[in-house]
Amino acid sequence: MKRTGTKKRKRRRQNRYGIAAAVLIACILFFLFFINRWRIDLTVESEDFTRIEYRSSFENPGASAFVTGSILRTVRIPVPVKSEGSVDTNWLGTTFLTYRAEVLWMKAEKKIEVRVADTTPPVISLAHIEDFYTLPGQPYEEEGFEAVDDHDGDLTDQVTSEEKEGFVYYSVTDKSGNTGRAVREIFYDDREAPVITLEGGDAVSFYEGRDFRDAYSAVDNVQGDMTDKVTVEGEVDTNTPGTYELTYTVTDDFDNTCKAVRTVTVKPLPKNPDKVLDQNKVIYLTFDDGPYQYTDRLLDILGRFHVKATFFVTGAYGYSDCIAREAKEGHSIGVHTYSHDYASIYRSTDAFWSDFEKTESLIEQKTGKRTSLMRFPGGSSNQVSRDYCPGIMTTLVRQAADKGLTYFDWNVESGDAGGTTSSAGVYQNIRDGVSQMGVAVVLCHDVKSYTVDAMEDTILWALENGYTFLPLTSSSPTAHHGVSN
Ligand code: ZN
């Protein structure tokens, strides 16, 4: 009885254990699948949005997935991930990459966006020509450039450039809006020296005592007129015959130097200018109407060149002391009448000779002797005298011969009694007339300042061309015109 009772108790106890175990299992299962929820945890190793550079290498970031519980988080069972889509960095645009994992009822999916973009600006390469330079003040001449973009290719023809304060700024923008720039510093230089021009040439020669005006100019390709920067070395003593050298130097701002040399020959004046070198080249300079305020200056010039001339004097202006000087310095003196007034001297022969005598007295007073040389006012051919006394010239000419006088006309006119009013004109007229006549009696007036000023050039031209200057004497050519009243 006792044993039976024990068996019964044992079986009851076993039943109780079974129930407890079942409840426990149920509880565990309930916990595992209802309280704890299973899911797939999918992780992509990238941001949701990625921007990558055109043509750069792109690696799929990849993804990992685990099955894990909402409470049992430490449970991590790896599961495979499938990825869809691909990124080609050779094309601009947006691509989506999709990652998926799937186990039993559980699914997980994730998308990321990948944008292939061009953010690299074009590259401008500047060409440099060896030894290239730009003249200051001149625009820069392009040496060349090239522009290449990693996406758009050659953009050279779209490059714009601007020159500003010694620099050139280049820029070009590609289709994606990226701007590439480059800057070039302009190299300025000037390797050309200024040019010196010597007026009159690099060899000049003239007689002693002449004024030498040293004229020159300098021009630079960049700086323009540099005449005032020229330095002149050497000196010319125009009163001492010899050969002189003048050196002209000018340097521009870029150290380019120009040098020029001029040889100046100061020739000695002919020692005997009254020695006839050529019978067909003789000049008798005659000066009428003075003395006047310019006569002394004329005598200075004639004296400097040892040239002897002839003065047909009047008493019309005073300055009669000059007559003494004229005679003293070896010039010939002739009568031209005292008043030089046509109305009074050509009124009658008596009136003429009375005026004539007045002049002779003046000459005698100033020089100590009378003269046998004369010139009629207006010349022997004048017709003005007819207004006052018809036929008077015919008589006067005969009377002059009777008195032993020699009257002179002329065969070359300086023009200073007529239309010529400049030294250059006087010089030219005498030069032309003398060249034509060979032996020339030249009519000039020492009452004209510009005539006196023309004498230096006239004398020098004549000396340089082999002419001899002589004063008139009673045996000189008379150059008569022929009487016409
Ligand atoms: Zn006159």
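Cut-off values and rules
- The written sequence of each chain sets the order in which its residues are numbered from 1.
- Under the rules for a predicted model, residues below a pLDDT of 70 receive no local features and side-chain atom pairs below 80 are neither given nor counted, while totals for whole chains, interfaces and linings still include all residues.
- Here the side-chain values reflect all heavy atoms present in the structure, with hydrogen atoms and water set aside.
- In this scheme, a residue with accessible area under 20% of its type's maximum is buried, one over 50% is exposed, and one in between is partly exposed, where area comes from a 1.4 Å probe on protein chains only.
- Helix and strand assignments come from DSSP, with helices taken as H or I runs of at least 4 residues and strands as E runs of at least 2, each series counted from the N terminus.
- Between any two strands, at least two bridges found by DSSP are needed for them to pair.
- The arc in question is formed by the directions pointing from the helix axis toward the C-beta atoms.
- Only heavy atoms matter for contacts: two residues are in contact if any of them lie within 4.5 Å across the pair.
- Water is absent from the atoms considered, so a metal site may look incomplete; donors are defined as N, O and S atoms within 2.8 Å of the metal, or 3.2 Å for Na, K and Ca.
- What counts as a salt bridge is simple: a side-chain nitrogen of Lys or Arg found within 4 Å of a carboxyl oxygen of Asp or Glu.
- Here the aromatic set is Phe, Tyr and Trp, taking the six-membered ring for Trp, and pairing holds for ring centres within 6.5 Å; pairs whose planes are under 30 degrees apart are stacked, those over 60 apart are edge-to-face, and all others are tilted.
- Here, a charge over a ring means that NZ of Lys or CZ of Arg falls within 6 Å of the ring centre while also lying within 35 degrees of the ring normal.
- What marks off one domain from the next here is an automatic or database domain assignment.
- Only the stretch in contact is used when a helix axis is fitted, and all axes are lines through C-alpha atoms; the angle between N-to-C directions ranges over 0 to 180 degrees.
- Residues enter patches when their relative accessible area tops 30% and they take part in no salt bridge; the joining distance is 9 Å for like charges and 5 Å for the nonpolar side chains Val, Leu, Ile, Met, Phe, Trp and Tyr.
- All accessibility values rest on the Shrake-Rupley procedure with a 1.4 Å probe; residue burial counts only the protein chains present in the view.
- Counted as positive: Lys and Arg. Counted as negative: Asp and Glu, with His and the chain ends omitted from the count.
- Charge coordinates come from a single atom per side chain, which is NZ of Lys, CZ of Arg, CG of Asp or CD of Glu.
- Any angle from 65 to 115 degrees is called roughly perpendicular, while one under 35 is roughly parallel, one over 145 is roughly antiparallel, and all others are oblique.

### Things to note about the pairing of strand β13 (residues 179-185)
Burial along β13 is one-sided: Gly-180, Ala-182 and Arg-184 are buried, while Thr-179, Arg-181, Val-183 and Glu-185, pointing the other way, are not. Inspection of the sheet shows strand β12 (residues 167-173) paired to β13 by seven bridges, in the antiparallel sense. Opposite Ser-171, over in β13, you have Arg-181 as the bridge partner. Two successive antiparallel strands, β12 and β13, enclose a turn made up of five residues, where Gly-177 displays a positive phi of approximately 85°.

### As for helix α7 (residues 392-402)
Buried residues of α7: Ile-392, Met-393, Leu-396, Val-397, Gln-399 and Ala-400, and no others. End-on, the buried residues of α7 take up no more than an arc of 165°, which puts them together on one face. Residues Arg-398, Ala-401 and Asp-402 are exposed on α7 and point more than 90 degrees away from its buried face. Contacts made by the buried residues of α7 are with α4 (342-345), α5 (349-367), β24 (373-374), α6 (385-388) and β25 (406-407). Where α7 ends, the next residue or the one after it, Gly-404, has phi of about 75°, a positive value.

### Side note on the coordination of the zinc ion
Summarising the metal site, the zinc ion is bound by the protein donors Asp-289 (OD), His-336 (NE2) and His-340 (NE2), whose distances to it range over 2.1 to 2.2 Å. For the zinc ion, all donor residues lie on one chain, and their spacing in sequence is D-x46-H-x3-H. Residue classification places His-340 among the partly exposed residues on the basis of a relative accessible area of 22%.

### Overview of the sheet that holds strand β8 (residues 123-126)
With antiparallel pairing, three strands are arranged side by side in an open sheet as β8-β9-β10. Strands at the two margins of the open sheet, each flanked by one partner only, are β8 and β10 (153-154). Both strand β9 (residues 145-149) and β10 contribute to a ladder of two bridges, which runs antiparallel. Paired with Asp-149 across the bridge in β10 is Gly-153.

### Re the pattern of salt bridges
Applying the stated criterion across every chain yields a total of 19 salt bridges. Where Asp-214 meets Arg-262, a salt bridge forms, and the shortest distance between an N and an O atom there is 2.6 Å. With Asp-214 in the loop between β15 (203-207) and β16 (216-220) and Arg-262 in strand β20 (residues 257-267), this residue pair connects regions lying 48 residues apart in the sequence. A relative accessible area of 27% places Asp-214 in the partly exposed class. By relative accessible area, which is 0% here, Arg-262 ends up buried. One network of salt bridges, with partners in common, ties together Asp-296, Asp-300, Arg-325 and Glu-329.

### Side note on the packing of aromatic side chains
Taken as a whole and judged by the stated rule, the model has 19 aromatic pairs. Taking 5.9 Å as the distance between ring centres and 70° as the angle between the ring planes, the aromatic pair formed by Phe-132 and Tyr-140 counts as edge-to-face. Among the residues examined, Tyr-140 registers a relative accessible area of 12% and is labelled buried. Among the aromatic residues, ring-to-ring pairing joins Tyr-342, Tyr-346, Phe-352, Trp-353, Phe-356, Phe-376 and Tyr-407 into one connected group. A cation over a ring is seen here: Lys-267 above Tyr-207, with NZ or CZ 4.6 Å from the ring centre. The lysine or arginine in question, Lys-281, covers the ring of Tyr-467, its NZ or CZ lying 5.2 Å from the ring centre.

### Brief notes about the domain arrangement of the protein
A common way to state how big an interface is: give the accessible area lost once the parts meet. Each assigned domain of the protein is listed here: domain 1 (7-36), domain 2 (38-117), domain 3 (123-185), domain 4 (195-267) and domain 5 (282-469). For domain 1 versus domain 5, the distance between C-alpha centres works out to 170 Å.

### Structural notes on the sheet that holds β20
Pairing is mixed in the open sheet, where four strands are placed in the order β15-β20-β19-β18. If you trace the sheet from one side to the other, it starts and ends with β15 and β18 (231-233), each paired once. The average undirected angle you get between the axes of adjacent strands in this sheet is 25°. Alignment of β18 against strand β19 (residues 242-251), held across three bridges, turns out to be antiparallel. Across the sheet, Thr-231 pairs through a bridge with Thr-249, a residue of β19.

### A look at a positive patch on the surface
A grouping of Lys-7, Lys-8, Arg-9, Lys-10, Arg-11, Arg-12, Arg-13 and Arg-16 is seen on the molecular surface, where their side chains present a positively charged patch. Locating Lys-10 in the fold gives a position in helix α1 (residues 2-35).

### A closer look at the environment of Gly-166
Tracing the backbone shows Gly-166 in the loop between β11 (160-164) and β12. The buried category is assigned to Gly-166, whose relative accessible area is 15%. For Gly-166 and Asp-289, which are 123 residues apart along the polypeptide, the C-alpha to C-alpha distance reads 72 Å. Setting aside anything within four residues of it in sequence, one finds Gly-166 in contact with Arg-184, Glu-185, Ile-186 and Tyr-188.

### Some thoughts on helix α3 (residues 321-328)
For α3, every residue scored as buried is listed here: Cys-322, Ile-323 and Glu-326. Seen end-on, α3 carries its buried residues on one side only, within an arc spanning 105°. Turned more than 90 degrees off the buried face of α3, the exposed positions are Asp-321 and Lys-328. Tucked inside the fold, the buried residues of α3 contact α2 (295-304), β22 (310-313), β23 (332-335) and α5. Where α3 ends, the next residue or the one after it, Gly-330, has phi of about 90°, a positive value.

### Focus: the packing of α2 against helix α9 (residues 449-464)
Contact geometry of α2 with α9 gives a least axis separation of 10 Å together with a crossing angle of 5°. One finds that α2 runs roughly parallel with respect to α9. Here Arg-297, Leu-298, Ile-301, Leu-302 and Arg-304 of α2 come into contact with α9, specifically with Ser-449, Val-452, Asp-453, Met-455, Glu-456 and Ile-459.

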